[in-house]
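As a plain string of letters, each chain reads:
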Amino acid sequence: MNKKDRPIGVFDSGIGGLTVLKEIIKELPDEGTIYLGDTARVPYGIRSPETVIRYSFENTRFLSSRDIKILVVACNTASSVSLDAIKNSIPIPVIGVIEPGAKAAVRATRNKKIGIIGTEATIKSGSYTRAIKAIDKDVEVFGLSCPLFVPLVEEGWTEGDVVTMITKRYLEGIKDKCIDTLVLGCTHYPLLKKVISSVIGEDVRLIDSAVEVAQEIKATLEIAGLKREQEEMPLREFYVTDSPERFIKVGERFFGQKIEHIEKIAVGG
Ligand code: DGL
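Rules and cut-offs
- Residues numbered from 1 in each chain as written.
- Predicted model: local features only at pLDDT ≥ 70, side-chain atom pairs only at ≥ 80, totals over all residues.
- Heavy atoms only, no water.
- Helix = DSSP H or I, 4+ residues; strand = E, 2+ residues; numbered from the N terminus.
- Rg over C-alpha atoms; globule rule 2.2 N^0.38 Å.
- Contact = heavy atoms within 4.5 Å.
- Areas by Shrake-Rupley, 256 points an atom, 1.4 Å probe, with all protein chains shown as cover.
- Lys, Arg positive; Asp, Glu negative; His and termini not counted.
- Charge placed at Lys NZ, Arg CZ, Asp CG, Glu CD.
- Pairing = 2+ DSSP bridges.
- Axes fitted to C-alpha atoms, helices over the stretch in contact; angles between N-to-C directions.
- Core = buried A, V, L, I, M, F, W, Y, C linked by side-chain atoms within 4.5 Å.
- Buried < 20%, exposed > 50% of the residue type's maximum accessible area, 1.4 Å probe, protein only.
- Near = heavy atom within 4 Å.
- Polar contact = N/O pair within 3.5 Å; in protein donor to acceptor, adjacent residues only side chain to side chain.
- Nonpolar A, V, L, I, M, F, W, Y, C, P; charged D, E, K, R; others polar.

Asker: If you had to explain the overall build of the protein chain to someone new, which residues and values would you point to?
Answerer: Each helix and strand in the protein chain was counted, giving eleven helices and ten strands. Relative to its length of 269 residues, the protein chain is compact, with a C-alpha radius of gyration of 18 Å against a globular reference of 18 Å. The dimensions of the protein chain, computed from C-alpha atoms along their principal axes, are 55 × 40 × 35 Å. Considering only contacts within the protein chain whose residues lie at least 6 apart along the sequence, 76% involve residues at least 24 apart. Carbon and sulfur atoms provide 50% of the accessible area of the protein chain, an area that totals close to 12300 Å². Taking the average location of the 37 positive side-chain charges in the protein chain and that of its 38 negative ones, the two points are 3 Å from each other.

Shown next as structure tokens:
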């Protein structure tokens, strides 16, 4: 296949990366996409870097075998610990979610105090702090893990008393830092935007990495001369490593459209 017509490959630990895929499709509607959700091994956010790196390599190997032209690591946890290793292992452009989010946060902050919320593994890795400091070393960064947010969103609990209470409890840890910008450093958190904004204060700018990532992909394809030129409908394929039913049910809420052409596959071993 002509290189330009090949699809964009996207992987995540499970359903959450659909928030990223949604933005990619919005920004680049003519591009084909292949999405892999490692639903049998989610969550990545509580696992060691070694394990997440191994899973990421296996996901990369699968998507590379599908003849993709660019790889997007939609998972913040996987991007935090395995992006450099993946970049060195394949000959196509690889885009993670950390740098685009960090860039947008540095652009947005006025008082140079940025909060990051994400999984335990993402916060522990210090990936956002490093990426932000590489752009502006004077920015103060405050990281906070919010482990209950992922299961809440997976259950469809994105508003209401319980969610507000948990959000308040978590964000207490960051409220007195006077941040003016908060990075939603996890695929699931954009679905909690409303409640997070009401708790942290509407004057704090929320950064949704998904939007930034889609723009970064567009720029990369343009620079590399890899934008698709075909007229017919682009390919949209989904692969999961566990049964597709739950992925479809919960995923359609994340994705905002129907999930078709889905297949269960094995990536490990
Ligand atoms: N996709 C993960 C992330 O963005 C959240 C879910 C998980 O822990 O696997 O960090």
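Asker: Which residues make up the sheet that holds strand S6 (residues 140-145), and what values go with them?
Answerer: Spatial strand order, S6-S5-S7-S8: four strands in an open sheet with parallel pairing. The open sheet has two free edges, formed respectively by S6 and strand S8 (205-208), since each of these has just one partner strand. Across this sheet, the average inter-strand angle for adjacent strands is 25°, counted without regard to direction. Relative to S8, strand S7 (residues 181-185) runs parallel, the two sharing four bridges. Residue Leu182 lies in a different strand from S8, and its bridge partner there is Leu206. Seen against the sheet, helix H4 (residues 98-108) touches strand S5 (113-118), S7 and S8 and runs at an angle of roughly 160° to S8.

Asker: Before we move on, can you summarise the nonpolar core with the specific residues and values?
Answerer: Within soluble globular proteins, side chains that are nonpolar generally end up buried alongside one another. In terms of nonpolar packing, the biggest core is built from 68 residues, with Ile8, Leu18, Ile24, Ile117, Phe149, Ile196 and Ile217 touching the most fellow members. Looking at this core element by element, the count peaks at six residues for H4. What Ile196 contacts, discounting residues up to four positions off in sequence, is Ile117, Phe149, Thr167, Leu171, Leu182, Leu184, Tyr189, Gly201 and Leu206. Core analysis: the second largest hydrophobic core is formed by 21 residues, Tyr44, Tyr55, Ile86 and Val267 among them.

Asker: Help me get a handle on the site of the ligand, residues and values and all.
Answerer: Neighbouring the ligand are 13 residues, the closest being Asp12, Ser13, Tyr44, Gly45 and Thr77. In this structure, an oxygen atom belonging to the ligand sits 2.7 Å away from a main-chain N or O atom of Tyr44. For the ligand, the accessible surface in isolation is 300 Å², of which the surrounding protein chains cover 99%. Residues that form the shell around the ligand fall into these classes: five nonpolar, seven polar and one charged.

Asker: Which residues make up the sheet that holds strand S9 (residues 236-240), and what are the values?
Answerer: Read across the sheet, six strands follow the order S4-S3-S1-S2-S9-S10 without closing on themselves; strand pairing throughout is parallel. Each end of this open sheet is capped by a strand with a single partner; those strands are strand S4 (94-95) and strand S10 (262-264). The strands that helix H2 (residues 49-64) touches are strand S1 (8-12), strand S2 (33-37), strand S3 (70-73) and S9; relative to S1, the one it contacts most, it runs at about 155°. Here helix H10 (residues 209-224) sits on the sheet and contacts S1, S3 and S4; the angle it forms with S3, its principal contact strand, is near 165°.

Asker: How would you summarise H4 if you had to cite specific residues and measurements?
Answerer: The buried count for H4 comes to eight of eleven residues, which makes it a mostly enclosed element. Of all the positions in H4, only Ile98, Pro100, Gly101, Ala102, Ala104, Ala105, Val106 and Ala108 are classed as buried. Where H4 is buried, its residues contact helix H3 (76-87), S5, helix H6 (127-135), S7, S8 and H10.

Asker: Tell me what's going on with the environment of Leu21, and back it up with residues and numbers.
Answerer: Along the chain, Leu21 turns up in helix H1 (residues 18-27). Taking the C-alpha atoms as reference points, Leu21 and Ile116, 95 residues apart in sequence, are found 22 Å from one another. Setting aside residues no more than four positions away along its own chain, Leu21 makes contact with Val10, Thr33, Tyr35, Phe238 and Phe255.

Asker: Please set out the pairing of S7 residue by residue, giving values where relevant.
Answerer: Each regular strand carries side chains that alternate between the two faces of the sheet. Along S7, five of the five residues are buried, which leaves the element largely enclosed by surrounding structure. In S7, alternate side chains face the same way, and those of Thr181, Val183 and Gly185 on one face and Leu182 and Leu184 on the other are all buried. Across five bridges, the pairing between S5 and S7 is parallel. By the bridge assignment, Gly115 is partnered in S7 with Leu182.

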